[in-house]
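# Chain and residue survey
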Amino acid sequence: MVGNKTNELKGIFDAFDHGTQFMGFKELTSGHINDTYLIETSQKPYYILQRINHNIFKDVPGLVQNKVYVSEHIKNKLRHLPANILQRKVLTFIPVNENKLYYLQQNETYWNLMVFIDDSLTYETVKDKEIAYEGGLLLGEFLNLTSDFDAAKLTEVIPKFHDMSYRFEQFDQAMKKASSDRLKQADIYIKKINDLKDEMHILQNLKESGQIPLRVTHNDTKISNTLFDKNQKGLCIIDTDTVMPGIVHYDFGDAIRTICNTAAEDEKNLDKVHFNFTFYKAYLKGFLGEMEDSLNEIELKYLPLAAKTMIFIMGLRFLTDYLNNDIYYKTAYTDHNLVRAKNQFKLIDSLMEVYDEMCDLVKPN
């Protein structure tokens, strides 16, 4: 079985124009959507070979093109750096040939190949404010370097991903179909959602009115999608499958949502769920160190609301799935999605205790 897998991966790897020799592989299991393998070769660099899940991503050629567009743009902006530093600051994708960026296996499975960044670390959670600061610095750098790229060139790989109106439509449909028992269990949180509805549309309304510009955004800014060196300094933003047009608040808010929760996303004991304001301040400081001159006044003003909004949208999605009898997210027990939703709304409650201070941090001097 292992031999078959080795032969299969070697055949796929050798379809790409890498100019080296396959020696072995290791499966990397941290991702939830794609299949990812470290390909060991006769000499470094090694490579990352990835099967892209086309059940989730309907336009894989567009997705791969997005990744290459953005990486090449960043490389061009950083072309003054020495080659050995540049290759650690930005992802490098290997084509099949000069006209093709991906390999299609037996007309049904898509693969892409990138250079592995050696001597790098990832963190599943933030343990100290230094890591939070470096994470903010690196996301700010990524968004700053791509701020002059025409986002209209990018494929929207997951349509309406952060569209609040669309998420409320899904919620309303779920309410109509939900069992009386699940509606009863979710009653308090349904009220919270309806109470926050107008506020949670502010960012979308500002985007649609053009007051917040469309940019290149990453759209999956959890800390594990940031590479660090062994001195805990940020290296590179990775996992760019979800790069598409968006607003800066999507990326900033989702990063804060995942970095500043003191508990796991599905922690049942809500007494453990708090908003870590120390990590927030550190991340914001790093982020603005790179982005402050690139943000307009409205973008800057609404960064605190971005954190609240992205926590809310995940709570909304978890509760919607609970009302739909758990058809989207994997669950380990009956009320798993309800627990996740409760967790997010407790995080909002905790965030509101420091919200005025969050707003003060982005006021003009």
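Residues numbered from 1 in each chain as written. Predicted model: local features only at pLDDT ≥ 70, side-chain atom pairs only at ≥ 80, totals over all residues. Heavy atoms only, no water.

Let us look at the overall build of the chain. For the chain, the count of helices and strands is 14 helices and 10 strands. At 21 Å, the chain has a C-alpha radius of gyration in line with the 21 Å of a compact globule built from 365 residues. For the chain, the spread of C-alpha atoms along the principal axes amounts to about 60 × 50 × 40 Å. Here the chain holds 365 residues, and 52% of them are scored as buried. Sequence-distant contacts, at least 24 apart, represent 71% of the contacts inside the chain between residues at least 6 apart. Positive and negative side-chain charges of the chain, numbering 43 and 52 respectively, have mean locations separated by a distance of 2 Å. (Helix = DSSP H or I, 4+ residues; strand = E, 2+ residues; numbered from the N terminus. Rg over C-alpha atoms; globule rule 2.2 N^0.38 Å. Buried < 20%, exposed > 50% of the residue type's maximum accessible area, 1.4 Å probe, protein only. Contact = heavy atoms within 4.5 Å. Lys, Arg positive; Asp, Glu negative; His and termini not counted. Charge placed at Lys NZ, Arg CZ, Asp CG, Glu CD.)

So, about the nonpolar core. Counting residues in each nonpolar core, the largest one holds 84 residues, and the members touching the most others are F275, F287, F312 and L319. No other element matches helix α12 (residues 303-323), which puts 14 residues into this core. Look past the residues within four positions of F275 in its chain and what remains in contact with it is I256, C260, Y280, L347, S350, L351, V354 and M358. Counting 21 residues, the second largest nonpolar core, distinct from the first, contains I48, V68, Y102 and M114. (Core = buried A, V, L, I, M, F, W, Y, C linked by side-chain atoms within 4.5 Å.)

This part covers the side chain of R167. Within the element layout of this structure, R167 appears in helix α5 (residues 164-177). Despite its burial, R167 remains without a salt bridge, the nearest opposite charge being carried by D163 at 7.6 Å. (Salt bridge = Lys/Arg side-chain N within 4 Å of Asp/Glu carboxyl O.)

Right, let's talk about the pattern of salt bridges for a bit. Evaluation of the coordinates by the stated rule reveals 20 salt bridges. Note that D241 is salt-bridged to K67, the shortest N-O span being 2.7 Å. Of this pair, D241 sits in the loop between β9 (234-237) and β10 (244-246) while K67 is found in helix α2 (residues 60-77), placing the two residues 174 residues apart along the sequence. The class of K67 is buried, set by a relative accessible area of 2%. Salt bridges linked by common partners bring D254, R257 and E265 together as one network.

The omega torsion across K44 and P45 is 15°, close enough to zero to call that bond cis. Locating P45 in the fold gives a position in the loop between β2 (35-41) and β3 (47-52). Of note in the backbone geometry, K160 takes a positive phi value of approximately 60° without being a glycine. Within the fold, K160 resides in the loop between α4 (129-145) and α5. In this structure K160 comes out as partly exposed when scored by relative accessible area, which is 44%. We note that N219 has phi near 75°; this positive angle belongs to a residue other than glycine. Position of N219 among the secondary structure elements: in the loop between β7 (215-217) and β8 (226-228).

Across the chain, the average pLDDT comes to 94, with 98% of residues at 70 or higher. When the elements of the chain are averaged for pLDDT, helix α1 (residues 2-13) gives the smallest value, 88, and helix α14 (residues 355-360) the largest, 98. (pLDDT = per-residue confidence, 0-100.)

With 17 residues, helix α13 (residues 336-352) should reach 24 Å at 1.5 Å per residue; the first-to-last C-alpha distance of 25 Å fits that figure. Burial within α13 is extensive, with 13 of its 17 residues counted as buried. (Expected span 1.5 Å × (residues − 1).)

Attention now moves to the side chain of K308. Topologically, K308 is positioned in helix α12. A distance of 2.9 Å separates the side chain of K308 from the side chain of E199, its partner in a polar contact. Not counting residues within four places of it along the chain, the set of residues in contact with K308 comprises L196, E199, M200, I348, L351 and M352. (Polar contact = N/O pair within 3.5 Å; in protein donor to acceptor, adjacent residues only side chain to side chain.)

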